[in-house]
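# Structure assessment
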Amino acid sequence: MRLVCPVCGERDRREFYYQGAALARPEGDAWAPDWDDYLHNRDNPAGVTRDLWQHEQGCGAWLIVTRDTVTHEVLAVALAAEAGA
Ligand SMILES: [Zn+2]
């Protein structure tokens, strides 16, 4: 798999560190069950996902990668700071 880093261009997947699903953090005054779900529970969907990756062996940028886990197609890559993650 190859990813197109918005800063560096197209690179091999092995240059990137996969962090996991790009989830919205609960609000600061959220209830404990919301934080428990955010920290511990993950879906394993077949289809389009939004994941957080770091270009660890490149520019170091955090990225939001939208991809399809069935077809392995990468649909979009955006800087996390600009994607609201
Ligand atoms: Zn990069």
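Structure: above.
One structure accompanies this document, and this report is about it. (Residues numbered from 1 in each chain as written. Predicted model: local features only at pLDDT ≥ 70, side-chain atom pairs only at ≥ 80, totals over all residues. Heavy atoms only, no water.)

## Observations regarding the coordination of the zinc ion
Coordination of the zinc ion by the protein comes from C5 (SG), C8 (SG), H55 (ND1) and C59 (SG), over a distance range of 2.1 to 2.5 Å. Classification of the site at the zinc ion rests on its four donor atoms, whose angles at the metal span 101 to 121°, yielding the label tetrahedral. As a motif over one chain, the donors of the zinc ion read C-x2-C-x46-H-x3-C. (Donors = N, O, S within 2.8 Å, 3.2 Å for Na, K, Ca; no water. Tetrahedral: all angles 85-135°; square planar, octahedral: opposite > 155°, others 65-115°.)

## A few points about the side chain of T66
With respect to the helices, strands and loops of the structure, T66 is situated in strand β5 (residues 62–68). Judged by relative accessible area, T66 falls into the buried class, the value being 19%. (Helix = DSSP H or I, 4+ residues; strand = E, 2+ residues; numbered from the N terminus. Buried < 20%, exposed > 50% of the residue type's maximum accessible area, 1.4 Å probe, protein only.)

## Focus: the pairing of β5
The buried fraction of β5 is high, at six of seven residues. Of the strand pairs in this sheet, strand β4 (residues 48–54) and β5 are connected by seven bridges, and their pairing is antiparallel. Among the inter-strand pairings, D51 is bridged to a residue of β5, identified as V65. When β5 meets strand β6 (residues 74–79), the two strands line up antiparallel, connected through five bridges. What sits directly across from L63, in β6, is L79. Connecting β5 to the antiparallel partner β6 that follows it, the hairpin turn spans five residues, and H72 within it adopts a positive phi of roughly 70°. (Pairing = 2+ DSSP bridges.)

## What to know about the pattern of salt bridges
Inspection of every chain in the model, using the stated rule, returns four salt bridges. Two residues, D12 and R14, come together in a salt bridge whose shortest N-O distance is 2.8 Å. The class for D12 is partly exposed, based on a relative accessible area of 23%. The shortest N-O distance in the salt bridge between R67 and D51 comes to 2.7 Å. With R67 in strand β5 and D51 in strand β4, this pair connects stretches of sequence that are 16 residues apart. For D51, a relative accessible area of 3% corresponds to the buried category. (Salt bridge = Lys/Arg side-chain N within 4 Å of Asp/Glu carboxyl O.)

Any functional reading would require information beyond the geometric quantities listed.
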